[in-house]
Every structure is written in structure tokens, then in C-alpha cells.
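Structural description and commentary
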Amino acid sequence: MVELPEEQRAAALRQVAEIGSRRTQLLAEAEQLTDPLREAAIEAARVGAQRNRIRELAGISSKTLYNWLDEAGLEVRTTRRS
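What you see is a predicted model, and the numbers here were worked out from it, not measured in a lab.

1. Observations regarding the pattern of salt bridges
With the rule as written, the count across this model stands at 3 salt bridges. Note that Arg9 and Glu6 form a salt bridge whose closest N and O atoms lie 3.9 Å from each other. With Arg9 and Glu6 both in helix α1 (residues 5-32), this residue pair falls 3 residues apart, about one helical turn. Of the charged contacts, one joins Arg53 and Glu56 as a salt bridge, the two residues approaching to 3.6 Å between their closest N and O atoms. Of the two residues, Arg53 and Glu56 both sit in helix α3 (residues 51-58), 3 residues apart, roughly one turn of that helix.

Here's what the structure looks like:
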């Protein structure tokens, strides 16, 4: 049986909708973890953990970590300009 182009498009759009819905759900769940992750990263820095290790374990960029630390009042080195 040959599938009609309309059926192919409908199937492709259903797949997009399913994946998009799941992605939206996962992003919402991840967003709920941002504040606890920020607090844990700041506390780890306060007790002397290496910042690169904090960043690696948290799965965040250096910029994000240093913004969090700066907002928390912890000392952050200024970036060097090339």
C-alpha cells in the first residue's frame, strides 16, 4: 500500500508535535532545577571547591557560573582581553 503525501505530512507533523511536547515538558522540569543548582554551586564555591570542577559537574558555562558567583557577592576575576 502506497502512503499518500498528505498522510506522510500528517505523520511527520504528529512526530514533530510529540517530540516538541516532550521537549517543552523537559525544559520546564529543568527550569525548576536552576535555583537549587545555583544555590549549590555558590555554596560549593564558598567552601573552596574548584570553580572549574563546579562548572563541569553542574553542566553550565563559565559565564553562567561567574555571573551567579558575582551576583552572590563572591570574588570573580575580570576576564582578560586579548
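On we go from here.
2. A word on the packing of α3 against helix α4 (residues 62-71)
Between α3 and α4, the least distance of the axes is 10 Å, while the angle of their chain directions is 115 degrees. The way α3 lies across α4 gives a crossing that is right-handed. Mapping the contact onto sequence places Arg51, Ile54 and Arg55 in α3 and Ser62, Leu65, Tyr66 and Leu69 in α4. Grouping the constituent residues of the contact of α3 with α4 by class yields 4 nonpolar, 1 polar and 2 charged.

Cut-off values and rules
- Residues numbered from 1 in each chain as written.
- Predicted model: local features only at pLDDT ≥ 70, side-chain atom pairs only at ≥ 80, totals over all residues.
- Heavy atoms only, no water.
- Salt bridge = Lys/Arg side-chain N within 4 Å of Asp/Glu carboxyl O.
- Helix = DSSP H or I, 4+ residues; strand = E, 2+ residues; numbered from the N terminus.
- Axes fitted to C-alpha atoms, helices over the stretch in contact; angles between N-to-C directions.
- Left-handed = near helix turned anticlockwise from the far one by under 90°.
- Contact = heavy atoms within 4.5 Å.
- Nonpolar A, V, L, I, M, F, W, Y, C, P; charged D, E, K, R; others polar.

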